[in-house]
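Analysis of the macromolecular model
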Amino acid sequence: MPSLQAFLSSARRECRYLLGSPSDLALATWIPCLLLLLMAWLFSGGLPRELPIAVVDLDRSTTSRQLVRQLEASPGLKVSEQARSLSQALALARELKIYAVVHIPAGTEAAIQRGGSGSVFSYYNASYQVAGQAAARDIDSAVQALAIELTATEVGMIRGPGALRAAPVAVQLSVLFNPSRSYEHFLLGLIFPAILHLAMCVAMVGAFGRELRDATVRPWLREAHDRLLPALLGKMTPYFVLFSLYGVASLLWLVLIRGTAMAADEMALLVLGQALMYLAYAALALLFVALTRNMVTALSVAGLYAGTSMAFSGATFPLQGAPWFTRVWSELLPYTAYLKLQGQQLEMGSALTVSLWPLATLLLFVLLAGVVGAVLYGRASRDPSAWGLR
Amino acid sequence: MNRFSESFSQTLKTIFSDRVALVTLVGAVILYSFFYPAAYRHQVAGQLPLVVVDQDHSPMSRELQRKLTALRAVHVLGVVGSMEQARQLVERGEVEAVLLIPANFQRDILRVEQGGLALFGNGTLLSRAGLSMQGAAQAIRAFAQEAALSQAQFAGLTAGPALQLIERPLFNTALGYGSAIVPGVAALIVQQTLLVGLAVVAATRRERQGKLQVSLPALCGIASAFAMIGMFSLLYFSGFVFWFQDYPRGGNLIGLLLAGALFIASVVSFALFFGSFFRTRERAFQLLTITSLPMFFLSNLSWPVEASPEYLVRIAQLLPSTPGINAMVKLNQMGARLAEVSGELTNMALLTVLYGALAIRRYRRREDQFSQRSPLD
């Protein structure tokens, strides 16, 4: 079994190298783990609660005080400032002391009593979108709640209960599949695989690129009886095993914070998807190194390609209506395919048949990038002019 | 002064003759400045693709469907018979939302009760669901009311809601997603390219000379050369790129220049200190590539600081990007006055002093007394 021997010798050689190089070991072990932990810690608060807002109450009426009480009762908000004027409140917003301003103009209560309808204003910070929109949503709910109450009492008293009816159509917003609207679950579900696939890609560029840079590619392949494919696979295996382990741990963490158990077959599909994703990025790393024959350039390419995955995946921002470049680029990322699979299996409990397509896409990346990368890397390994480039 | 200017020009020469340093400090900045905003070129989340589940089959529900096709906020891909079918379409990613018109929709409206519609978004895409669904819901509500009103006027007088809420976004008034993210990312790109560029130059020097001993004036010369390049990148983003992408900008120009200079100063001190630990040119690339994403989230631009653990917020303040990103967004986009970013300014000034002092210590240490330790190779 010369292939197996070649594979094992290459894997052993890589492990020896890692143990002798603390910084390469760090980039494949504790640094990615530390980054995952930092992110898990950052979002451990779950939902944003008690976001500070300011109230500018120029009406100073029973109604306006009722509204302030309603806002204070909202768990998502904290009325931390009572400003005397709108400009004072906006200064607080620029300082980031508050994320939204509720402005109750003078005469609001009188307008309600006279004509049946008054207006209040909600100014929210759209530059800090998550916080600003969360505050705006809660302000909206608080105002709606008070509006219903007012309609029932004051307007009813003036015009008589017979005149009363609710708005003819209500639209209820709900979400499928992530009912708690947990940002922690949502964001970590994107960030964990984003960190891991990038770290895997960077580590693999290092591993493949190093042999060309240091002109050690011949001795390495000789040790592996000049069997290129087993040697490449053997080199990749330590990283593949490590990152798959981190991937499984991060999946378990996602299941844990969601609080509901997960079926074994769903978990198995996700682990398979993670494994394929790491294989795909290893194959792409091989391709980058083989194409550029220069470790630093390959690292730059990997950074551009895998470092911007989250922006282009369409998971944070829809790609409908995006220019063709953006949509095509998104499809060219294994991360996009993996996120589709993760959404289906982790959130929606889809059938296996639905998930075959993203799995096949991942496999296609592995095969295409792997074959082309291996052929080109093989050429570079025989061409001394490709060695030692910095 | 002589050693300062000599070192300054020598550093610039080194950068411009080192392909990698040049590609990082200039090439990467320009490449990312076009590439990154491309992900958000269309800016506002429009056209939520949805299917309709019509359980009412009434003239009113059909009228509503017809009107929906005219809405800009949604893109109706069809009508399906059941929620189960709609759910499968969501699972396959073909649609992102489902509008359910329940049975008795028309009857309820004609009976002067409230007709309820339910809009289901895909919760696995939370920020997308949030952004596009609110717009879609508002549009559907308006159209549905109009449709219902015109057909239900005989049913009696309609009292409007007693209290109306008028929402106004501040600062990023077009509600662009790119304009909320990219300015923060831009400051991070400036920081990371400076860090890599400086680390590459320092590591090369170390590879060739084996040690990093630099006199104080020479160190200042190196720092000034990098600060100048960093300032160019920062102004290129804050001026040209944000103008080209038509992001909100120029809120407080003087403040931006001042805070920008302080940000670059803190980044250069940070880079001088950390760059001294790298012994090979490639190492900085590897480390900074994988830490960029966490650094961005640690800046709390996309996640409210109030919802973050307090210790972590303090730790994040040790990174120049944390005050830098916030100060840049507040001054350039939100038009904050200098006093309104005093926290960030103090943070950056302290980091400049802290890392500057550490860097001076590091580069002055005698080789024969202490061999320079370098945990990163």
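Worth saying up front: this structure is predicted, and the values here are computed from it rather than measured.

1. With respect to the overall build of chain A
When helices and strands are tallied, chain A shows 16 helices and five strands. Against the globule reference of 21 Å for 390 residues, chain A gives a C-alpha radius of gyration of 29 Å, more extended than a compact globule. Overall, chain A is about 95 × 45 × 35 Å in size when its C-alpha atoms are taken along their principal axes. Buried positions account for 53% of the 390 residues belonging to chain A. For chain A, the share of sequence-separated contacts (at least 6 apart) that also reach a separation of at least 24 residues comes to 77%.

2. Things to note about the domain arrangement of chain A
Along its sequence, chain A is carved into domain 1 (2-43 + 180-386) and domain 2 (51-163). Taking the mean C-alpha position of each, domain 1 of chain A and domain 2 of chain A sit 49 Å from one another.

3. Considering the pairing of strand β2 (residues 77-82) of chain A
Residue and element names in this part refer to chain A. Taken together, the five bridges between strand β1 (residues 51-57) and β2 define a ladder with parallel strand orientation. From the neighbouring strand, isoleucine 53 faces β2, where its bridge partner is valine 79. Running through helix α4 (residues 62-73), the crossover from β1 to the neighbouring parallel element β2 is right-handed.

4. Regarding the UniProt feature "transmembrane region" (unreviewed entry) in chain A
Residue and element names in this part refer to chain A. The sites that UniProt annotates as "transmembrane region" (unreviewed entry) are residues 25-43, 186-209, 236-256, 268-291 and 356-377. Secondary structure content for residues 25-43 is 89% helix and 0% strand, while the C-alpha to C-alpha distance between its ends is 27 Å. The distance from the first to the last C-alpha atom of residues 268-291 is 34 Å, and the span holds 100% helix and 0% strand.

5. Some thoughts on helix α1 (residues 2-20) of chain A
Residue and element names in this part refer to chain A. Across its 19 residues, α1 extends 27 Å between first and last C-alpha, which sits within 8% of the 27 Å expected from 1.5 Å per residue. When we look at burial in α1, the residues that qualify are Ala6, Phe7, Ser10, Ala11, Glu14 and Leu18. Projected down its long axis, α1 shows its buried positions confined to an angular sector of 125 degrees, all on one face. With respect to the buried face of α1, the exposed residues turned more than 90 degrees away are Pro2, Leu4, Arg16, Leu19 and Gly20. For α1, the elements touching its buried residues are α2 (22-28), α8 (183-213) and α10 (228-258).

6. Remarks on unusual backbone geometry
All names here are of chain A. One non-glycine residue, alanine 215, lies in positive phi territory at about 55 degrees. Relative to the assigned elements, alanine 215 resides in the loop between α8 and α9 (217-223). By C-beta crowding, alanine 215 is classed as partly exposed, having 13 other C-beta atoms within 10 Å.

7. Considering the UniProt feature "transmembrane region" (unreviewed entry) in chain B
Residues and elements named next belong to chain B. As annotated in UniProt, the feature "transmembrane region" (unreviewed entry) corresponds to residues 20-39, 180-204, 216-244, 256-278, 285-303 and 345-363 in the numbering used here. From the first C-alpha to the last, residues 256-278 spans 32 Å; its make-up is 87% helix and 0% strand. In residues 285-303, helix accounts for 74% and strand for 0%; the two terminal C-alpha atoms are 27 Å from one another.

8. Structural notes on the sheet that holds strand β5 (residues 163-170) of chain B
Taken in spatial order, the five strands line up as β2(A)-β1(A)-β3(A)-β4(A)-β5(B) in an open sheet, and their pairing is mixed. Where the open sheet ends on each side, the last strands, each with one partner, are β2 of chain A together with β5 of chain B. Across the sheet, the mean angle separating the axes of adjacent strands is 25 degrees when strand polarity is ignored.

9. Topic: helix α12 (residues 295-307) of chain A
Taken across its 13 residues, α12 of chain A has twelve buried, putting it largely inside the fold. Listing the buried residues of α12 of chain A in full gives Met295, Val296, Thr297, Ala298, Leu299, Ser300, Val301, Ala302, Gly303, Tyr305, Ala306 and Gly307 of chain A.

10. Thoughts on the environment of leucine 304 of chain A
For leucine 304 of chain A, the position within the fold is in helix α12. Once residues lying within four places of it in the same chain are set aside, the contact partners of leucine 304 of chain A are Leu31 and Phe35 of chain B.

Basis of the calculations
- Along each chain, numbering runs from 1 in the same order as the chain's sequence is written.
- Think of it this way: whatever chain is written first is A, whatever ligand is written first is 1, and the rest follow in order.
- For a predicted model such as this one, the threshold for reporting local features is a pLDDT of at least 70, and the threshold for listing and counting side-chain atom pairs is 80 or more; totals across whole chains, interfaces and linings nevertheless cover every residue.
- Helix numbers and strand numbers start at the N terminus; a helix is a DSSP run of H or I with at least 4 residues, a strand a run of E with at least 2.
- Here the globule rule is a power law, 2.2 Å times the number of residues to the power 0.38, and the radius of gyration is based on C-alpha atoms.
- With C-beta atoms placed from the backbone, a residue is buried if 20 or more other C-beta atoms are within 10 Å of its own, exposed if 12 or fewer are, and partly exposed between those counts.
- Here, residue contact means that the backbone-derived C-beta atoms of the two residues sit within 7 Å.
- By convention here, the domain bounds are inherited from an automatic or database domain assignment.
- When DSSP locates at least two bridges between a pair of strands, those strands are taken to pair.
- Assignment of crossover handedness uses the view with strands pointing away from the viewer, where a clockwise path from the first strand over the helix to the second indicates a right-handed crossover.
- UniProt positions are given in the numbering used here, feature names are shortened, and annotations may be inferred rather than shown by experiment.
- What a helix should span is 1.5 Å times the count of its residues minus one.
- By arc we mean the arc of the directions from the helix axis to the C-beta atoms, nothing more.
- Axes, fitted as lines to C-alpha atoms, cover a helix only where it is in contact. Angles between the N-to-C directions of the axes lie from 0 to 180 degrees.

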